[in-house]
Each structure stands twice: as C-alpha cells, then as structure tokens.
Amino acid sequence: MLIATWNVNSLKARLPRVQGWIEENQPDVLCIQETKMTEAAFPALTFQEMGYETAHLGQGQWNGVAILSKVGLTDVVANFATGEPDAEARIISATCNGVKVVCVYVPNGRELEHEHYQYKLRWMKQLRDHVDTIAKPTEDVVVTGDFNIAPTDIDVWDPAVFIGATHTSEPERKVLSDLCAWGLTDIFREQHPEPKLYSWWDYRDGSFHKAHGMRIDYLLVTKSLAAKTIETAIDRNARKGEKPSDHAPVTMIVS
DNA sequence: ATGGTGGCCCGGCCA
C-alpha cells in the first residue's frame, strides 16, 4: 500500500499536476493540504473516475484538507474530534484499509510575536488530544501533512537564516516532540538520516535550484505501522516543471 | 534590510 502526502498549494491551480502524479504513482491513499476551495468546488467526480473515494474539509480561499483513497474510506472525522472545532479547515481523519489516517495542515505561525504563532502552538496540542481520542498507539496510525515545523536543524538549508523566525523555534519543536511522544515516529527521517533532504522550497529567489529548502512535510507513524514500512521517499521531481506546488509529495510503502 | 514568486482574486494578504 502506497500512502502519500502533498501540500498542493491550490487544488484548482494544481489539478492537472495532481492528476498526472496520481496516474503515474497510483497512491492507495493521498492526503492533500491547501486545496483552497469550498467543498462544492472539490472535484470529487474527477477523482472518483480515477478510482478514489474522497473526503474533503474545505473552506474557500484558504486552507482545505482532503483524503483520497482507493482502499476504503470510513470513519471520516472532519475537523478536531475533541475540544473546540478549529474555525479553519486544517484537519481531516479517516480509516483506510485498517490504517487510521490523520491529514493535517498546521498553522504557519507567521512570526514569533504574532498571535498566529500562539494559535499554532495551541493547535499542535489539540492535535495530540485529537489523535489520542480517535486512535491508540498500538494501532496502525499515520499522522501526516504539512507541519510547518522543521524538526531539527538538519531539516533546514541554513539554520542561521531561521533564528528568530518560525518553523525552527524551540516551542514549536517541543509541541512536535510532545505529539511524537504519544507513540509516533518520523519514518522518512528514520530511514534517511542524511542532511539536505527537503519537502518545501520557496518559490522566490530560485530556492529549489539552490537547494534552499526545509523538510516540513512528514509521515508520523506508530510502531506497528513503522514495522510494516518498506520504503519512504520525497518526490523532488514533482517540484520541477510547469506550475509546480512549492511542496513535494512524501510517500511511504507499507506491506 | 528589502524583496524576491505565486496562490487567492484584482488590492493587498498569505505563504
């Protein structure tokens, strides 16, 4: 089973690229972030014709998360399962072929002094409560998406650039490690310990070609799912060519 | 230090 996550930065702008990537890679489960469209605008029929069931939590202009599956899609939970629902469309969960899948688009945070940064930290704590509500650490669970947090300095092209900025601050890394302490492992990093592996590159300043990126998209898996994971990858090729997203898909193959 | 690009949709905001 191939499970993938991809922040597409507008499904409207990216639909041809997303369709092409699906046809080429045939993921069993694809988690999409930043659809930037309403539920009414979501191209469910297009994906259905490609063999996928879909669940989408849309918003309109911003955010929006979806799960596509051709191996079953049940127990859909749109938004948080516990506590106050998020006013923004940033989390959707479902069960696909026995795997509990949580698709997230974590708030960016904007600046350390910004109110949005506190929202990001609260959001990550609520994510842990959500996961604890819908799943057990002994089950097959993957929490995946765009976390907008670089877990360590090797996940950033130049840590010095991010001093005083979001994505690398200690409180962000702490809420991420608190989430992982529930029973989740960053499986791509476990399999690929070497530096200079990124999932996002700024559109500006030729960042992709300069290898100025960050690894902020990942697949956090429980022990049982990690044990079944054959391989993981970041598809850098999807960041090339005409009208790419600024994020690359991250994939895992499970036996 | 700024602004670079590319989404949203047409004036700035967000990433």
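Placed above this text is the structure.
First things first, this report covers the structure right here in the doc. (Residues numbered from 1 in each chain as written. Chains lettered and ligands numbered in written order. Predicted model: local features only at pLDDT ≥ 70, side-chain atom pairs only at ≥ 80, totals over all residues. Heavy atoms only, no water.)

**Looking at the pattern of salt bridges**
As enumerated under the stated definition, the model contains 13 salt bridges in all. In this structure, the salt-bridge partner of Arg-215 is Asp-155, at a minimum N-O distance of 2.7 Å. Here the residue Arg-215 occupies a position in the loop between strand S11 (213–214) and strand S12 (217–221), and Asp-155 occupies one in the loop between strand S8 (141–146) and helix H4 (170–180), the gap between them amounting to 60 residues. Of the two residues, Arg-215 and Asp-155, neither departs from the other in class, the shared state being buried. With a shortest N-O distance of 3.0 Å, Asp-178 and Lys-174 are connected by a salt bridge. With Asp-178 and Lys-174 both in helix H4 and four residues apart, this pair spans about one turn of that helix. For Asp-178, a relative accessible area of 29% puts it in the partly exposed group. When salt bridges that share partners are traced, they join Asp-155, Asp-186, Arg-189 and Arg-215 into one network. (Salt bridge = Lys/Arg side-chain N within 4 Å of Asp/Glu carboxyl O. Helix = DSSP H or I, 4+ residues; strand = E, 2+ residues; numbered from the N terminus. Buried < 20%, exposed > 50% of the residue type's maximum accessible area, 1.4 Å probe, protein only.)

**Focus on unusual backbone geometry**
Positioned with a positive phi, Glu-34 is a non-glycine residue whose angle comes to about 60°. Its location among the elements puts Glu-34 in the loop between strand S2 (29–33) and helix H2 (44–49). Unlike most non-glycine residues, Asp-75 shows phi in positive territory, near 50°. Locating Asp-75 in the fold gives a position in strand S5 (residues 74–78).

**Points about helix H1 (residues 11–25)**
The periodicity of an α-helix, 3.6 residues per turn, causes residues three or four places apart in sequence to face the same way. In a regular helix each residue adds 1.5 Å, so 15 residues correspond to 21 Å; H1 covers only 18 Å between its end C-alpha atoms and thus falls short of that length. Of all the bends in H1, the largest measures some 35° and sits at Arg-17. Listed as buried for H1 are Leu-11, Arg-14, Leu-15, Val-18, Trp-21 and Ile-22. For H1, the elements touching its buried residues are strand S1 (2–7), S2, H2, strand S4 (65–69) and strand S14 (250–254). In the stretch just after H1, Gln-26 is the one whose phi turns positive, near 50°. (Expected span 1.5 Å × (residues − 1). Bend = angle between axes of the 7 residues up to and from the residue. Contact = heavy atoms within 4.5 Å.)

**Some thoughts on the environment of Gly-58**
If you trace the backbone, Gly-58 turns up in the loop between strand S3 (53–57) and S4. It is 8.8 Å that separates the C-alpha atoms of Gly-58 and Ala-41, two residues lying 17 residues apart in sequence. In this structure Gly-58 touches Met-37, Glu-39, Gly-64 and Ala-89, once residues within four positions along its chain are discounted.

**Focus on the packing of aromatic side chains**
For the structure on display, the rule yields five aromatic pairs. Where Trp-6 meets Trp-21, the ring centres are 5.6 Å apart and the plane angle is 50°; that geometry is what we call tilted. A residue pair is termed long-range when its members are at least 10 positions apart, and Trp-6 in strand S1 and Trp-21 in helix H1 qualify at 15 residues. The exposure class of Trp-6 is buried, given its relative accessible area of 2%. When the ring of Phe-147 is compared with that of Tyr-218, the centres are 4.5 Å apart and the planes differ by 10°; the resulting orientation is stacked. Of this pair, Phe-147 sits in the loop between S8 and H4 while Tyr-218 sits in strand S12; the two residues are 71 residues apart in sequence, bridging distant segments of the chain. With respect to class, Phe-147 is no different from Tyr-218; both count as buried. (Phe/Tyr/Trp six-rings, centres within 6.5 Å; stacked < 30°, edge-to-face > 60°.)

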